[in-house]
Amino acid sequence: MTNFNVQYTKQARQMGPLFFHVGTVIMDNLPSHIKCLEVISSQATGAEDSLYFSDLKVSLLFMITKEEYDWMANNPGKIDSLVLELMAKLPKDRLMTGQYVGLADNKRLTFQPQGKCETMDNEKIKYAFFQIPYGLKEWEKVEKCWVMYNARLQSPLPGIDMNEAVNVFLDINVGKQEIERFAPDFKLMEMTGKQLLEILPVYYRMGVPKIVCRSTNGNRIVKLSELLNTQDKISGASLQLNIIRFLQTIRSVHINEENYKKTANLWWTKLCNNVLEDVFIVPFNFEGEGYPKEVSDRFIHVFPNTKIEEIRFSTNNELIIVRNGEEKVIAGTRGLSYTEKADDRQMSIRTSYNPTLKQEWLGVFTDLYEFDKVWKNAAHIGIASFADFAQHYKPAKGIVINPANECFFLEEETISQLAKHIK
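*Asks:* Please explain the overall build of the protein chain as it appears in this structure.
*Replies:* The secondary structure content of the protein chain amounts to 11 helices and 23 strands. Looking at the protein chain residue by residue over its 423 residues, the buried ones come to 49%. For the protein chain, the exposed surface amounts to about 21,900 Å²; the carbon and sulfur share of it is 47%.

Structure, rendered in structure tokens:
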């Protein structure tokens with residue numbers, strides 16, 4: 001159940017066995033301006049009978065409109081009638097959560113209340129909150145929306161706000177106002193709801209945890225893990241997210257020098273920690289084979305210093321690695337073969353020549369999608385840690401992460417500094 005906090009007003013009313021007051025909800029997936037009404041009753045209305053005890057009261061939290069919220073101060077008769085109707089019908093579209101309240105110690109135990117009807121409103125549900133899409137079917141019906149992206153990064157990389165969210169607008173004017181006030185480096189990309197659903201898995205793979213849907217009616221936070229119905233932790237996701245945030249900072253022309261240094265140092269430190277902790281996809285060949293072969297059958301090999309505790313395939317047939325006790329999916333590995341036995345031949349990581357920099361670099365990748373942009377259909381795919389490729393990058397100038405995308409360079413001096421922290 002979602003955690004929530006309610007800021008109540010000082011006004012409260014008593015009506016027989018019912019005590020109630022109004023407030024504003026602060027909740028993980030709700031905007032803070034949502035108004036609510038808490039009703040505390042000595043009866044077990046809406047509760048699960050098996051969990052009800054006579055020494056407890058039951059608290060039910062209902063969502064209400066701004067107009068109904070104002071009744072508490074200026075129209076007591078209407079608020080009393082509303083409370084009675086809510087308690088009698090327990091409409092699911094308004095019923096948010098329930099709690100058992102101890103009479104002696106006032107401690108609370110949260111439970112999921114059982115509503116009696118879908119809505120007590122005869123007409124269309126009048127809450128702006130419920131007009132903002134949440135589930136897949138709702139988003140498929142959206143004809144137009146606008147995604148905020150950073151104009152200083154390559155498309156389709158999203159713009160990440162300070163809460164690690166991508167902003168999606170259902171009204172273009174709301175988006176323009178947001179950019180004008182807070183995000184001059186950002187722009188809006190128009191798309192349909194179906195097109196948004198196609199790129200959200202890419203955002204999730206990049207480490208974006210949520211989107212914020214904004215409209216004239218309010219805001220709604222949507223967790224991508226819930227929308228995409230996945231609990232998979234993606235290898236390299238945190239690294240990619242921090243790369244985006246680091247590049248947003250260093251390329252911004254709207255940040256003062258003090259904030260620039262502070263923010264850039266913060267993301268640089270996080271990036272370096274990611275590099276030491278994550279595993280990467282690398283191109284390699286066995287000694288004597290020359291250039292990596294391109295064949296239909298592709299095999300995954302693990303380098304000796306990677307220290308992977310377990311490798312298996314998920315229900316979606318993607319590779320899951322267990323490292324330091326944590327399970328992570330390597331995105332894009334569906335249908336590949338995994339070679340469990342170590343090969344006696346020497347494995348050599350391939351470097352690439354960068355025509356822009358006119359230097360050799362060792363390109364490493366966070367997942368197979370990025371790998372295939374450079375080494376599509378390469379027969380041998382290596383899983384390596386920093387400890388592996390830090391020893392093999394010479395005579396290259398350094399290491400570049402995701403060279404076909406917005407990339408992150410590690411030059412020789414940085415590699416040497418990080419190598420001191422290899423465990």
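After that view, the rundown keeps rolling.
*Asks:* Explain the confidence of the model for the protein chain to me, please; I cannot follow it from the model alone.
*Replies:* Segments scoring low in pLDDT should not have their predicted coordinates read at a detailed level. In this model, the protein chain carries an average pLDDT of 79, and 82% of its residues clear a pLDDT of 70 or more. For the protein chain, the element scoring lowest by mean pLDDT is strand β19 (residues 352-354), at 69; strand β9 (residues 186-191) scores highest, at 93. Low pLDDT, under 50, characterises residues 45-54; the stretch is placed with 22 contacts to residues that sit more than four places away or in other chains.

*Asks:* Would you explain the side chain of glutamine 248 in this entry?
*Replies:* Considering the arrangement of structural elements, one finds glutamine 248 in helix α7 (residues 237-251). Sequence-distant contacts of glutamine 248, defined by excluding residues within four places in its chain, comprise Asn150, Leu153, Pro158, Gly159, Ile160 and Phe186.

*Asks:* Can you help me understand the side chain of asparagine 242 in this one?
*Replies:* With respect to the secondary-structure elements, asparagine 242 resides in helix α7. By relative accessible area, asparagine 242 is classed as buried at 5%. A distance of 2.7 Å separates a polar atom in the side chain of asparagine 242 from a polar atom in the side chain of asparagine 274. With residues near it in sequence (within four places) discarded, asparagine 242 still touches Trp267, Lys270, Leu271 and Asn274.

*Asks:* How should unusual backbone geometry be read in this particular structure?
*Replies:* The phi angle of most residues is negative, glycine excepted, and most peptide bonds adopt the trans form. Look at asparagine 229: it is not a glycine, yet its phi comes out positive at around 55°. Examined against the element boundaries, asparagine 229 turns out to sit in the loop between α6 (224-227) and α7. In this structure, lysine 307 is a non-glycine residue whose phi angle is positive, near 60°.

*Asks:* Quick question: what am I supposed to make of the sheet that holds strand β16 (residues 326-330) here?
*Replies:* Within a sheet, neighbouring strands are paired by backbone hydrogen bonds and run either parallel or antiparallel to one another. One open sheet accounts for 3 strands, arranged β14-β15-β16; its pairing is antiparallel. With one partner strand each, in any of the chains shown, β14 (310-313) and β16 form the two edges of the open sheet. Neighbouring strand axes in the sheet, compared pairwise and without regard to direction, differ in orientation by 25° on average. Taken together, the 4 bridges between β14 and strand β15 (residues 319-323) define a ladder with antiparallel strand orientation. Looking at the pairing, arginine 312 lines up with isoleucine 320 of β15.

*Asks:* Would you mind going over the nonpolar core with me for this structure?
*Replies:* For soluble globular proteins, nonpolar side chains are generally found buried alongside one another. The biggest cluster of nonpolar side chains holds 57 residues, and the ones touching the most others in it are Trp139, Ile211 and Phe389. The element that contributes the greatest number of residues to this core is α7, accounting for 7 residues. Residues in contact with isoleucine 211, not counting those within four places in the same chain, are Trp139, Val166, Val168, Leu200, Arg220, Ile221, Val222 and Leu224. Within the second largest apolar cluster, 23 residues are counted, among which are Met15, Val22, Ile64 and Tyr100.

*Asks:* What should I look at first to understand the sheet that holds strand β21 (residues 380-385) in this one?
*Replies:* The mixed open sheet is built from 5 strands, whose spatial order is β17-β13-β21-β12-β18. With one partner strand each, in any of the chains shown, β17 (337-338) and β18 (347-349) form the two edges of the open sheet. The pairing of strand β12 (residues 279-286) with β21 spans 5 bridges and is classified as antiparallel. Opposite isoleucine 281, over in β21, you have isoleucine 383 as the bridge partner. Contacts from helix α9 (residues 368-375) reach β12 and β21 within the one sheet, and its direction differs from that of β12 by about 35°.

*Asks:* I keep staring at the pattern of salt bridges and nothing clicks. Help me out?
*Replies:* For side chains bearing opposite charge, pairing can occur when the charged atoms are close. Taken as a whole and assessed by the stated rule, the structure comprises 14 salt bridges. Residue aspartate 80 is joined to arginine 13 by a salt bridge in which the shortest nitrogen-to-oxygen separation is 2.8 Å. Placement of aspartate 80 in helix α2 (residues 76-89) and of arginine 13 in strand β1 (residues 4-15) is noted, with a sequence separation of 67 residues between them. Residue classification places aspartate 80 among the buried positions, given a relative accessible area of 16%.

*Asks:* Help me understand the environment of threonine 333, please; the structure alone is not making it clear to me.
*Replies:* Considering the arrangement of structural elements, one finds threonine 333 in the loop between β16 and β17. A relative accessible area of 1% places threonine 333 in the buried class. In sequence terms threonine 333 and tyrosine 369 are 36 residues apart; their C-alpha atoms lie 8.5 Å from each other. Apart from residues lying up to four places away in sequence, threonine 333 is in contact with Ile300, Phe313, Asn317, Glu318, Leu319 and Leu368. Of note is the side chain of threonine 333, whose polar atom sits 2.7 Å from the backbone nitrogen of leucine 319. Engagement of the side chain of threonine 333 in a polar contact is seen with the backbone oxygen of isoleucine 330, the distance being 2.7 Å.

*Asks:* It is not clear to me how the packing of aromatic side chains should be interpreted in this structure. Could you clarify?
*Replies:* The geometry of an aromatic ring pair comes down to the distance between the two centres and the angle between the two planes. One pass over the structure, following the stated rule, counts 7 aromatic pairs. Each ring, one from phenylalanine 280 and one from phenylalanine 389, has its centre 5.3 Å from the other, and the planes form 75°; the classification is edge-to-face. Remark: phenylalanine 389 occurs in helix α10 (residues 386-389) and phenylalanine 280 occurs in strand β12; sequence separation between them is 109 residues. Considering the side-chain rings of tryptophan 361 and phenylalanine 409, the 4.9 Å spacing of their centres and the 70° angle between planes classify their relative orientation as edge-to-face. Residue tryptophan 361 is found in strand β20 (residues 359-364), and its partner phenylalanine 409 is found in strand β23 (residues 408-411); the two are separated by 48 residues along the sequence. Counting every residue linked through ring pairs, the aromatic cluster contains Phe246, Trp268 and Phe408.

What counts and how
- Residues numbered from 1 in each chain as written.
- Predicted model: local features only at pLDDT ≥ 70, side-chain atom pairs only at ≥ 80, totals over all residues.
- Heavy atoms only, no water.
- Helix = DSSP H or I, 4+ residues; strand = E, 2+ residues; numbered from the N terminus.
- Buried < 20%, exposed > 50% of the residue type's maximum accessible area, 1.4 Å probe, protein only.
- Areas by Shrake-Rupley, 256 points an atom, 1.4 Å probe, with all protein chains shown as cover.
- pLDDT = per-residue confidence, 0-100.
- Contact = heavy atoms within 4.5 Å.
- Polar contact = N/O pair within 3.5 Å; in protein donor to acceptor, adjacent residues only side chain to side chain.
- Pairing = 2+ DSSP bridges.
- Axes fitted to C-alpha atoms, helices over the stretch in contact; angles between N-to-C directions.
- Core = buried A, V, L, I, M, F, W, Y, C linked by side-chain atoms within 4.5 Å.
- Salt bridge = Lys/Arg side-chain N within 4 Å of Asp/Glu carboxyl O.
- Phe/Tyr/Trp six-rings, centres within 6.5 Å; stacked < 30°, edge-to-face > 60°.

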